[in-house]
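# Tertiary structure, described
One-letter residues, chain by chain:
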Amino acid sequence: MTLQSSMSVEEYDRQLRHECGVFGCVASGPWPTNTDVSQVICLGLLALQHRGQESAGIAMSEGDNHTQFKVKKGMGLVTNLFSDDAVKNLKGNLGIGHTRYSTSAGSEEVNCQPFVVHSAHGALAVAHNGELFNAGRLRRMVLARGVGLSTHSDSELITQALCLNPPDIEIDGPDWPARIRHFMELTKLSYSLVIMEKDRIFGVRDPYGNRPLCIGRMMSLTDTDKEEGWVVSSESCGFLSIGARYIRDVYPGEIVELTRDGFQTISIMGRPHNRPQAFCIFEYVYFARPDSIYEGQMVYSVRLRCGIMLARESLVEADIVSSVPESGTAAAHGFSTETNIPFVEVLYKNRYIGRTFIQPSARLRKLGVAKKFGAIAENVAGKRMILIDDSIVRGNTMGPIIKLLRDAGATEVHIRVASPPLKFTCNMGINIPTRDELIANRMTNDQLAKHIGADSLAYLSVEGLRAAVIDKMPNKNSKEIGHCTACLTGEYPEELSF
Ligand code: SF4
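Residues numbered from 1 in each chain as written. Predicted model: local features only at pLDDT ≥ 70, side-chain atom pairs only at ≥ 80, totals over all residues. Heavy atoms only, no water.

### Description of the nonpolar core
General note: in soluble globular proteins, nonpolar side chains tend to be found buried as a group. In this structure, Phe282, Tyr284, Ile388, Leu422, Leu465 and Leu488 are the most contacted members of the largest nonpolar core, which totals 48 residues. No other element matches helix 9 (residues 299-314), which puts six residues into this core. Split by domain, the residues of this core number at least three in each of domain 1 (20-275) and domain 2 (297-466). Excluding its chain neighbours within four sequence positions, the residues that come into contact with leucine 488 are Ile281, Phe282, Pro420, Pro421, Leu422, Phe424, Val462 and Leu465. Among the nonpolar cores identified, the runner-up in size contains 45 residues, and Val194, Met196, Trp230 and Leu258 belong to it. (Core = buried A, V, L, I, M, F, W, Y, C linked by side-chain atoms within 4.5 Å. Buried < 20%, exposed > 50% of the residue type's maximum accessible area, 1.4 Å probe, protein only. Helix = DSSP H or I, 4+ residues; strand = E, 2+ residues; numbered from the N terminus. Domains from an automatic or database assignment. Contact = heavy atoms within 4.5 Å.)

### What about the packing of helix 6 (residues 154-163) against helix 7 (residues 176-186)?
Contact pair helix 6 / helix 7: the axes reach a minimum separation of 9 Å and the direction vectors enclose 125°. Classified by the interaxial angle, the pair formed by helix 6 and helix 7 is oblique. Remark: the crossing between helix 6 and helix 7 carries right-handed chirality. Touching Ile158, Ala161, Leu162 and Cys163 of helix 6 are Trp176, Arg179, Ile180 and Phe183, all from helix 7. When grouped by side-chain class, the residues that make up the contact of helix 6 with helix 7 number seven nonpolar, no polar and one charged. (Axes fitted to C-alpha atoms, helices over the stretch in contact; angles between N-to-C directions. Parallel < 35°, antiparallel > 145°, perpendicular 65-115°, else oblique. Left-handed = near helix turned anticlockwise from the far one by under 90°. Nonpolar A, V, L, I, M, F, W, Y, C, P; charged D, E, K, R; others polar.)

### Structural notes on the site of the ligand
Every residue near the ligand is listed here: Asn210, Arg211, Cys280, Ile281, Phe282, Cys426, Met428, Ile430, Cys484, Ala486 and Cys487. Here the shell around the ligand is built from residues that sort into nine nonpolar, one polar and one charged. (Near = heavy atom within 4 Å.)

### Quick look at the domain arrangement of the chain
If you check the domain split of the chain, you get domain 1 (20-275) and domain 2 (297-466). The gap between the C-alpha centroids of domain 1 and domain 2 is 35 Å. At the junction of the two partners, domain 1 supplies nine residues and domain 2 supplies five residues. Summed over both sides, the interface of domain 1 with domain 2 buries roughly 590 Å², with 55% coming from carbon and sulfur. Linking domain 1 with domain 2 are zero salt bridges, by the criterion used here. Here domain 1 is connected to domain 2 by three residue pairs in polar contact (both at pLDDT 80 or more). When its residues are assigned to classes, the side of domain 1 that touches domain 2 shows two nonpolar, five polar and two charged. (Buried area = accessible area lost by both parts, 1.4 Å probe. Salt bridge = Lys/Arg side-chain N within 4 Å of Asp/Glu carboxyl O. Polar contact = N/O pair within 3.5 Å; in protein donor to acceptor, adjacent residues only side chain to side chain.)

### Details of the packing of aromatic side chains
A full pass over the atoms with the stated rule returns eight aromatic pairs. On the basis of an interplanar angle of 45° and a centroid distance of 6.3 Å, the ring pair of phenylalanine 282 and tyrosine 286 is categorised as tilted. On the criterion of helical spacing, the pair formed by phenylalanine 282 and tyrosine 286 is a turn pair, its members being four residues apart in helix 8 (residues 282-287). The buried category is assigned to phenylalanine 282, whose relative accessible area is 3%. Note on tyrosine 286 and phenylalanine 287: the rings are 5.3 Å apart at their centroids and 85° apart in plane angle, and the pair reads as edge-to-face. Taking the relative accessible area as the measure of exposure, phenylalanine 287 reaches 2% and is therefore buried. Geometry around phenylalanine 115 places lysine 73 over its ring, the cationic atom sitting 5.1 Å from the centre. The ring of tryptophan 176 has arginine 179 lying over it, and the distance from NZ or CZ to the ring centre is 5.6 Å. (Phe/Tyr/Trp six-rings, centres within 6.5 Å; stacked < 30°, edge-to-face > 60°. Lys NZ or Arg CZ within 6 Å of the ring centre and 35° of its normal.)

Written out as structure tokens, the structure reads:
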């Protein structure tokens, strides 16, 4: 039996927004290839759909002497945009794709990616994940050089900045690596890029490594020693579904070139004043799919360790541990393992309700038809429970969940949050509400517990989160390792520059 919460989909979904997912694929061997590159990209984007659901796009090239790209992009989910026929019409030997949430620019069709331009040096397609720290300055520079911009998107800005001949250095025609390096000199945060020219793709990560990017090798399904192509992706979670193996992350500051012959490092740019890397720690907490690999470790394992650290820091007597599905589940398992308090499911999440286009009428809304969760009452009745969630943003979603659990018979509900309190905005590609809207800036733990109707509430500490991320990292002793925690601590990797 389940009871249902009165929280609306709109309330639940107004959480942190991911920014974007990027993907690229080059077929190996002689061209034209038999590998269905556009289908691979489509599946790759499907695996990155959690990073952006507003729009999607693919640009394809046939390579060699072809100067025109085939492009399809638009608003909506990958499955809505790319029918079988649409994918077949995108034949080619290499291509890049993008899934998008809007951050700096609006969500209009004109901002869909990849951005494609036909420059004096040939066609160029660019897909971007991140948000430029110094976008205003770069925009003024591009405009001052006589180039018009048709959108407010950072991605168009990057594309135009790459095509411009720098006034201060000699770049010989279509020397794209030199142009990319020059762009990286101008702006160090925050971007992971896939850039396609006629016969190669560049994967580029900003010098701080703020946003993720990794490389995979695509193998033949009939001869597992035979290589079929190379892919570059925001996350590795889709690699198995396209027959690819994770090779490694693109290094912070690295430009990597993918061609039909393989991949190679073009250059690696350092950080100003030898500052540490600043990979977004919230990728581990919230954004990434748990089956992705970052920095040589699976995201799921880090979330499990967050639960272990949380248990060490803020244990309370209880009969069961549970989670808000699915975001807090890995941490809840970690908490349960550490404390020997059994993990029991108490909430059912309706996976379909967020995808409906039906807007409930006022009458149905009053009846609470738009439901996201149901309580598994038999598991809840008479129980003292610890409920784990991965984060609390505005604090307006937990109250209805707790009420739902109490209505189902829970005697105590203790909230444990598997990340530290969110107190600052991001400016690096994640839509975090204003500081005033972040509940951790307005209430202490006890005030918040009272506000949402919990018996107690505690967050994971910043040190606990850092330990969960770093403890099992293969190269954890490297001086290079570093993570952005700006939304938790207010310590930004660089000064904002307008
Ligand atoms: S401020 Fe937070 S969300 Fe933004 S990059 Fe840093 S850790 Fe990630």
